[in-house]
Amino acid sequence: MGKIKTHDVIIIGGGPAGLTAGIYASRAKLKTILIEKGMAGGQIAVTEKVENYAGFSAGAGRELIAIMEGQAREFGTEMVMGEVKAVRLSEDIKVVTTNRGEYRAPVVILATGSHSRKLNVPGEDEFMGRGVSFCATCDGPFYEGLPVMVVGGGDAAVEEGLALTRYAQKVYLVHRRDALRATKIVQERAFANDKIAFIWDSVVEELVGDQQLEKALVRNVKDGQVREVDISGIFIYIGFIPNTAFVADEVEVDEGGYIITNDVMETSVPGVYAAGDCRRKLLRQAVTAAGDGATAAFAAEKYLEGRA
Ligand code: NAP
C-alpha cells in the first residue's frame, strides 16, 4: 500500500467527463487528482473518427483525448494510474483505495464510463483475440481482404462497420430488428456502401472455429431458421454496461446500474458527483460527457466553498 494523500477533488476515470472535470477543477485552483486504470481516453480513444464533437470535426478520438489530457495537466490536474479497489463515500472525507495507494478528499467525481456488453454465446470467450473483438479501430487492420461480421444496430455498430469496410472484403451487419437505431446520416452511409450486407431480424447463436474463428451461426428471430456465415472476425457492438459495480452500494443507481444524479451531477451522497456515460442520462456522447464533467467540477467547487 502506498502512502495516503489528501486532495480537494478525486476524479475516477480519464475519459472526456473526467478530463473535463479535471480542467475545470484545476482552473478553480482545487487540488485535483485523476485516477485512471489504463490509458486516458476511455471509449472515445478507440473511436476511429470523431465528427460530432463541436469544434473538432475530423480527427481520431485519441487526438481529441490528447488535447484534453494536455489541458488538464497544464492547469495542474495530477494524473495517476491505478485500479480502484474500494471506496468509502459516506463520510465527510471520502477514501478511494487503488492497487497503488489510498487517496482522500471531501469530493469524489465518478467518471468511470462503461464497458462493452457481451453476446454471451458459445465460442465468444474461446475466440476472444482470435476473431472476436470489441474494437474495430484496434483490430480492423488484421482483417484485410477477409469477411467480418458486426453485431448491433446502434451508432457504434454502424460507424465501426463502415470503418471496417476499409479493410474487410465484406462486412455482415447482424441486427436483431429490421431497423437501425444509429443516427440517420450514419445509416445512409451504411446503406450506400456495397461492402456492407445486412442480416436483419437476426441474432448470433454460436461462434465456431478451430484455432481461429471460422463461422457464426445466425438465427432469424422471425422464422427460426439458422444459417452459417463464414467469417474471420466478429465485432460486437450491442451496447454498454456502466462501470459502477464498485459504488452500487454507496450511491443510488437505477435498474441498469447507471448512477442517478440531479442536474448539477450530485449523486445521492453529499460531495459525490457522477459525470459521463456512467450516469443515467438521455444522450451518452463525448460532448455531453464533457459538459457533465464541467458541471460536476463547478458544483463541487460550490460544495467546497459551502463546507469551508
Ligand atoms: P446502443 O445505441 O445502445 O445500441 C445497441 C445496439 O445493440 C442496438 O441496436 C440494440 O438493438 C442492440 N442490442 C442490444 N442488446 C443486444 C443483444 N443482447 N443482442 C443483440 N443486439 C443487441 O449502443 P452503441 O451503439 O454502443 O452506442 C452507445 C452510445 O454511444 C449511444 O448513445 C450512441 O449514440 C453513442 N455513440 C455515438 C457515436 C457517435 O455519435 N458518433 C458513436 C458510437 C456510439 P435495438 O436497437 O433493438 O435495441
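Residues numbered from 1 in each chain as written. Predicted model: local features only at pLDDT ≥ 70, side-chain atom pairs only at ≥ 80, totals over all residues. Heavy atoms only, no water.

Visitor: Would you mind going over the state of the cysteines in detail, with residue names and values included?
Guide: Working definition: the covalent bond between the sulfur atoms of two cysteines is a disulfide. The final tally for this structure, using the stated rule, is one disulfide. Residue pairing for Cys135: its cysteine sulfur links by disulfide to Cys138, the two sulfurs lying 2.0 Å apart. The sign of the 75° torsion about the S-S bond sets the Cys135-Cys138 disulfide as right-handed. Given a relative accessible area of 10%, Cys135 falls into the buried group. (Disulfide = S-S within 2.5 Å. Buried < 20%, exposed > 50% of the residue type's maximum accessible area, 1.4 Å probe, protein only.)

Visitor: Give me the lowdown on the pattern of salt bridges, citing residues and values where you can.
Guide: Inspection of every chain in the model, using the stated rule, returns 13 salt bridges. A salt bridge links Arg88 to Glu91, with the nearest nitrogen and oxygen atoms 4.0 Å apart. Among the residues examined, Arg88 registers a relative accessible area of 42% and is labelled partly exposed. Look at Glu91 and you get partly exposed, because its relative accessible area is 42%. (Salt bridge = Lys/Arg side-chain N within 4 Å of Asp/Glu carboxyl O.)

Visitor: A description of a positive patch on the surface should follow, citing residues and the corresponding values.
Guide: Judged by side-chain charge, Arg117, Arg176, Arg177 and Arg181 come together as a positively charged surface patch. Tracing the backbone through its elements, the reader meets Arg177 in the loop between strand E12 (170–174) and helix H5 (184–191). Classification of Arg177 by relative accessible area gives partly exposed; the value is 35%. (Patch = residues over 30% accessible without salt bridge, like charges linked within 9 Å, V, L, I, M, F, W, Y side chains within 5 Å. Areas by Shrake-Rupley, 256 points an atom, 1.4 Å probe, with all protein chains shown as cover. Lys, Arg positive; Asp, Glu negative; His and termini not counted. Charge placed at Lys NZ, Arg CZ, Asp CG, Glu CD. Helix = DSSP H or I, 4+ residues; strand = E, 2+ residues; numbered from the N terminus.)

Visitor: Lay out the site of the ligand with the relevant residues and their values.
Guide: In the vicinity of the ligand lie 17 residues, with Asn52, Asp155, Glu159, Arg177 and Arg181 positioned nearest. Between the ligand and the protein, one listed contact pairs an oxygen atom with a side-chain N or O atom of Asp155 at 2.7 Å. Burial of the ligand by the protein amounts to 76% of the accessible area it has alone, namely 910 Å². With three residues, the single largest contributor to the shell around the ligand is helix H4 (residues 155–164). (Near = heavy atom within 4 Å. Polar contact = N/O pair within 3.5 Å; in protein donor to acceptor, adjacent residues only side chain to side chain.)

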